[in-house]
2 protein chains.
Amino acid sequence: MKKGIVIWLTGLPCSGKTTLSKEIEKYFQQKNLPIQRLDGDVVRETISKDLGFSKKDRDINIERLSYVAQMLSDNGVNVVSAFVSPYQKMRDFTRSLCENFVEVYVKCDIEECKKRDVKGMYAKAAKGQIKDFTGVDDPYENPKNPEIVVSTEKENIKESVEKIINYLEKNNG
Amino acid sequence: MKKGIVIWLTGLPCSGKTTLSKEIEKYFQQKNLPIQRLDGDVVRETISKDLGFSKKDRDINIERLSYVAQMLSDNGVNVVSAFVSPYQKMRDFTRSLCENFVEVYVKCDIEECKKRDVKGMYAKAAKGQIKDFTGVDDPYENPKNPEIVVSTEKENIKESVEKIINYLEKNNG
């Protein structure tokens, strides 16, 4: 059976991961191909609702969802995920489990992310009302060798999506 | 897209769930159909390795794996699971998430289960060396309305497997 692709979007909060993941989901749906979207906010209400945002909990979250992505892709289901996934070590762990792993660095300057932050999370983190917030009091490790880099500051959504789709059609089509 | 079937084997430890689940997995593989086997022992080393066997932890385990089964079956992947899953409430929760849910009660007298217990778990539980062990100091709630009952005491493996396959071919084929 042909294995699914795991498109792993990583980047700061409010960098645009969820928006892009929904567009990629649509692309697969239009082609009538199986696709599962995994979203940080959603999994924290279902599979990972016991977890917080400490380094340990973040690692467990990514580990857990990596096994889920592996099972889906092993069965031919494509996966697109939108997790901050700030640590290189855990992204490498996911890569080690998933055969067709495509790491997408959703790059955006933190000042721009703060401007976009409709829920006011960055402001709350700055005031200490939210702990362990990536980019404020928890680090984000830039991807070392991502398959794709999209710059949501410089590109519009359509351009970023096209960049990802073009890569998929060239390499995994 | 045609949704997958979720074949949920439930029963006492050593009742024969894992053995049956492997046979059902083979059936799907031979038909070249997508199948994911979920096994209690395996998930407790991966997705649920943080959990113990208290009622709370058991419920979280089943809840978590129910979401996984839902994602797989929503994407057309068949699922066969081998969890003790002792509580009716949680089995009903899984049913509520999965459209094609087939509850299989793997029925076996506890004295027979104890005889089969190569790892000596029942003996350890009787001595208090393992806590919260289903059938010893934790209850098993018999399924109220399972789609299938197999009696692994009275039937051999082949007969139990055939009973399950016949049901699937009649109802979900």
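Residues numbered from 1 in each chain as written. Chains lettered and ligands numbered in written order. Predicted model: local features only at pLDDT ≥ 70, side-chain atom pairs only at ≥ 80, totals over all residues.

Caption draft 1: Geometry of the overall build of chain A. What chain A contains, in helices and strands, is seven helices and five strands. Across chain A, helices and strands are ordered from the amino to the carboxyl terminus as β-α-β-α-α-β-α-β-α-α-β-α. Expected size for 173 residues packed as a compact globule is a radius of gyration near 16 Å; at 15 Å, chain A falls within 12% of this value. The buried share of chain A, reckoned over its 173 residues, is 43%. When contacts within chain A are restricted to residue pairs at least 6 apart in sequence, long-range pairs at least 24 apart make up 75% of them. (Helix = DSSP H or I, 4+ residues; strand = E, 2+ residues; numbered from the N terminus. Rg over C-alpha atoms; globule rule 2.2 N^0.38 Å. Buried ≥ 20, exposed ≤ 12 C-beta atoms within 10 Å, placed from the backbone. Contact = placed C-beta atoms within 7 Å.)

Caption draft 2: The sheet that holds strand β4 (residues 100-107) of chain A, seen in detail. Residue and element names in this part refer to chain A. Taking strand neighbours across the sheet as the criterion, the five strands line up as β2-β3-β1-β4-β5 in an open arrangement whose pairing is parallel. What marks the edges here is a single partner per strand, and that holds for β2 (35-39) and β5 (148-151). Across the sheet, the axes of successive neighbouring strands diverge by a mean angle of 20°, strand direction being ignored. In this sheet, β4 lies alongside strand β1 (residues 5-10) in parallel orientation, the contact comprising six bridges. For L9, the partnering residue across the bridge sits in β4 and is V104. Against the sheet, helix α1 (residues 17-30) engages β1, β2, β3 (78-82) and β4, with an angle of about 165° to β3. (Pairing = 2+ DSSP bridges. Axes fitted to C-alpha atoms, helices over the stretch in contact; angles between N-to-C directions.)

Caption draft 3: Local environment of helix α4 (residues 88-97) of chain A. Residue and element names in this part refer to chain A. Residues M90, R91 and T94 constitute the buried set of α4. Down the axis, α4 shows its buried residues gathered within 105° of arc, on one side only. Looking at α4, the residues exposed on the side facing more than 90 degrees away from the buried face are K89 and S96. Buried-residue contacts for α4 involve β1, α3 (55-74) and β4. (Arc of directions from axis to C-beta.)

Caption draft 4: Spotlight on the interface of chain B and chain A. Tallying the contact residues gives 15 residues for chain B and 15 residues for chain A. Among the elements that make up the side of chain B that touches chain A, the one with the highest residue count is helix α3 (residues 55-74) of chain B (six residues). Tallied by class, residues from the side of chain B that touches chain A come to nine nonpolar, four polar and two charged. (Nonpolar A, V, L, I, M, F, W, Y, C, P; charged D, E, K, R; others polar.)

Caption draft 5: Up close: the packing of helix α1 (residues 17-30) of chain B against helix α7 (residues 157-171) of chain B. Residues and elements named next belong to chain B. The interhelical angle for the contact between α1 and α7, taken along N-to-C directions, is 55°, at an axis separation of 10 Å. In terms of axis orientation, α1 runs oblique to α7. At the point where α1 passes α7, the crossing takes the right-handed sense. For the pair α1 and α7, contact is made by T19, L20, E23, I24 and Y27 and by I157, S160, V161, I164 and I165, respectively. When the residues that make up the contact of α1 with α7 are grouped by side-chain class, the tally is seven nonpolar, two polar and one charged. (Parallel < 35°, antiparallel > 145°, perpendicular 65-115°, else oblique. Left-handed = near helix turned anticlockwise from the far one by under 90°.)

Caption draft 6: Main features of the nonpolar core. Ranked by internal contacts, the top residues of the largest apolar core, which has 84 residues, are A:V6, A:I7, A:V104, B:V6, B:I7 and B:V104. Dropping the residues within four chain positions of it, A:V104 is found in contact with A:I7, A:W8, A:L9, A:P146, A:E147, A:I148, A:V150 and A:I164. (Core = buried A, V, L, I, M, F, W, Y, C linked by C-beta atoms within 7 Å.)

Caption draft 7: Main features of the packing of α3(A) against α4(A). Residues and elements named next belong to chain A. Remark: α3 packs on α4, axes separated minimally by 9 Å, with the N-to-C direction vectors making an angle of 15°. The orientation of α3 with respect to α4, classified from their angle, is roughly parallel. The two elements α3 and α4 cross, and the hand of that crossing is right-handed. Facing D59, I62, E63, S66, Y67, A69 and Q70 of α3, the residues of α4 in contact are M90, F93, T94 and L97. Here the residues of the contact of α3 with α4 are counted per class, giving six nonpolar, three polar and two charged.

Caption draft 8: Main features of the relation of the copies chain B and chain A. Of the transformation placing chain B onto chain A, the axial shift is 0.0 Å and the rotation is 180°, giving an RMSD of 0.0 Å. In the structure described here, the two chain copies are related by an operation that fits a two-fold rotation axis. With an isologous cut-off of 70% or more, the 100% of interface residues of chain B that recur at the interface of chain A puts this contact in the isologous class. (Least-squares fit on C-alpha atoms with pLDDT ≥ 70 in both.)

Caption draft 9: Representation of the confidence of the model for chain A within the structure. Mean pLDDT over chain A stands at 95; residues scoring 70 or higher make up 99%. Scoring of the predicted complex yields 0.94 for pTM and 0.92 for ipTM. (pLDDT = per-residue confidence, 0-100.)

Caption draft 10: Region of the structure containing unusual backbone geometry. Residue and element names in this part refer to chain A. Its identity as a non-glycine residue notwithstanding, N32 has a phi of 60°, on the positive side. Here N32 shows up in the loop between α1 and β2. Given 8 C-beta atoms within a 10 Å radius, N32 is considered exposed. Despite not being glycine, S85 shows a phi value in the positive range, around 35°. By secondary structure assignment, the location of S85 is in the loop between β3 and α4. For S85, a count of 27 C-beta atoms within 10 Å corresponds to the buried category.

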